[in-house]
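For reference, the chains in residue letters:
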Amino acid sequence: MLFRSRLVEDSGFRTSTLGTGLLASQAKVLSVCGLPTATSSLMKALDSLPETEKTLSNQIVRDLIESPQRFSWTGKASNLLEVMLQDAVKTLKQPKTTAQAHVAALKTISFQDFSKGRDLFQEALASNRGNQVHLGALEALGRYANPEAAQLIVGSWAGLGPQARSTALEVLLSRPAFTALLLRSEEHTSELQSRETISY
């Protein structure tokens, strides 16, 4: 792995077009796998980079955001994430921004405490926000273990379209605590039973 080799310590390699590209590519692969050892290796490598290498540093943080699991951010990664969180909030408060930009911002927001992002997720799940934004919000909420995240999904159910409801069910069935909340709601239980019947 490049991030555990001496190549990552070679400034000539890191700053070359080939080196930056290879490191960025591997950073994304490591982030997507979601393993704690992978994310910690990336953050450790990030701490070793000089301040002048902002391009690679920012790319590593963007790649870390692609991780399917939430994790604790440390060192330089934590500082860079804070800047990206501020940008994400600004993006979400601009209605004219593209749906794709909103989805990316929601993914970033999912790495802060749920209590801080709750209102932004609720706004993203409003009935007038569109399917793509709904799906992005649901994917981001699926990263949380907080029961409040499940309550927000259930509370937004009426404003979701068919595809978003299918994704919402997947999220609610992904954690026992979420599923319990789902089953306590008669409105969603009937749809869940219908889905199980179709699967057979």
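A. Molecular detail of the overall build of the chain. Within the chain one finds twelve helices and zero strands. Taken from the N to the C terminus, the helices and strands of the chain come in the order α-α-α-α-α-α-α-α-α-α-α-α. The burial tally for the chain puts 43% of its 200 residues in the buried class. Excluding contacts between residues fewer than 6 apart, the proportion of contacts in the chain whose partners are at least 24 apart in sequence is 58%. As displayed, the chain offers around 10,800 Å² of accessible surface, 52% of which is attributable to carbon and sulfur atoms.

B. The packing of aromatic side chains, seen in detail. Under the definition given, this model contains five aromatic pairs. Relative to Tyr144, the ring of Phe114 lies with its centre 5.3 Å away and its plane at 75°, an arrangement referred to as edge-to-face. You can see Phe114 sitting in helix H7 (residues 114-124) and its partner Tyr144 sitting in the loop between helix H8 (131-141) and helix H9 (147-155), a full 30 residues away along the chain. Of the two residues, Phe114 and Tyr144, neither departs from the other in class, the shared state being buried. For the ring pair Phe121 and Tyr144, a centre distance of 6.0 Å and an interplane angle of 85° mean the geometry is edge-to-face. A residue pair is termed long-range when its members are at least 10 positions apart, and Phe121 in helix H7 and Tyr144 in the loop between H8 and H9 qualify at 23 residues. Of the two residues, Phe121 and Tyr144, both sit in the buried class. Here the aromatic cluster, defined as three or more aromatic residues joined through ring pairs, consists of Phe71, Trp73 and Phe111. Here the guanidinium or amino end of Arg175 rests over the ring plane of Phe178, the centre of that ring lying 5.9 Å away.

C. Local environment of the packing of helix H5 (residues 75-92) against helix H6 (residues 99-109). Contact pair H5 / H6: the axes reach a minimum separation of 9 Å and the direction vectors enclose 140°. Taken together, H5 and H6 sit at an angle that is classed as oblique. When the axes of H5 and H6 are compared, the crossing they make is left-handed. Facing Leu81, Met84, Leu85, Ala88, Val89, Thr91 and Leu92 of H5, the residues of H6 in contact are Ala101, His102, Ala105, Leu106, Thr108 and Ile109. When grouped by side-chain class, the residues that make up the contact of H5 with H6 number ten nonpolar, three polar and no charged.

D. Structural context of helix H3 (residues 36-48). Its 13 residues give H3 an end-to-end C-alpha distance of 19 Å, which sits within 8% of 18 Å, the value for a rise of 1.5 Å per residue. Taken as a whole, H3 has its buried residues at Ala38, Thr39, Ser41, Leu42, Met43, Ala45 and Leu46. Elements in contact with the buried residues of H3: helix H2 (17-33), helix H4 (54-64) and H5.

E. How the structure looks around the pattern of salt bridges. Within the structure shown, the criterion is met by three salt bridges. Among the ionic pairs, Glu51 bridges to Lys76, the shortest N-O distance being 3.9 Å. In this pair, Glu51 is assigned in the loop between H3 and H4 and Lys76 in helix H5, connecting sequence segments 25 residues apart. Given a relative accessible area of 57%, Glu51 falls into the exposed group. Classification of Lys76 as buried rests on a relative accessible area of 14%.

F. Expanded view of the side chain of His134. When you line up the elements, His134 lands in helix H8. At 2.6 Å, the side chain of His134 and the backbone oxygen of Ala126 are in polar contact. Not counting chain neighbours up to four residues away, the residues in contact with His134 comprise Ala124, Leu125, Ala126, Ser127, Arg129, Gly159, Leu160 and Ala164.

Basis of the calculations
Residues numbered from 1 in each chain as written. Predicted model: local features only at pLDDT ≥ 70, side-chain atom pairs only at ≥ 80, totals over all residues. Heavy atoms only, no water. Helix = DSSP H or I, 4+ residues; strand = E, 2+ residues; numbered from the N terminus. Buried < 20%, exposed > 50% of the residue type's maximum accessible area, 1.4 Å probe, protein only. Contact = heavy atoms within 4.5 Å. Areas by Shrake-Rupley, 256 points an atom, 1.4 Å probe, with all protein chains shown as cover. Phe/Tyr/Trp six-rings, centres within 6.5 Å; stacked < 30°, edge-to-face > 60°. Lys NZ or Arg CZ within 6 Å of the ring centre and 35° of its normal. Axes fitted to C-alpha atoms, helices over the stretch in contact; angles between N-to-C directions. Parallel < 35°, antiparallel > 145°, perpendicular 65-115°, else oblique. Left-handed = near helix turned anticlockwise from the far one by under 90°. Nonpolar A, V, L, I, M, F, W, Y, C, P; charged D, E, K, R; others polar. Expected span 1.5 Å × (residues − 1). Salt bridge = Lys/Arg side-chain N within 4 Å of Asp/Glu carboxyl O. Polar contact = N/O pair within 3.5 Å; in protein donor to acceptor, adjacent residues only side chain to side chain.

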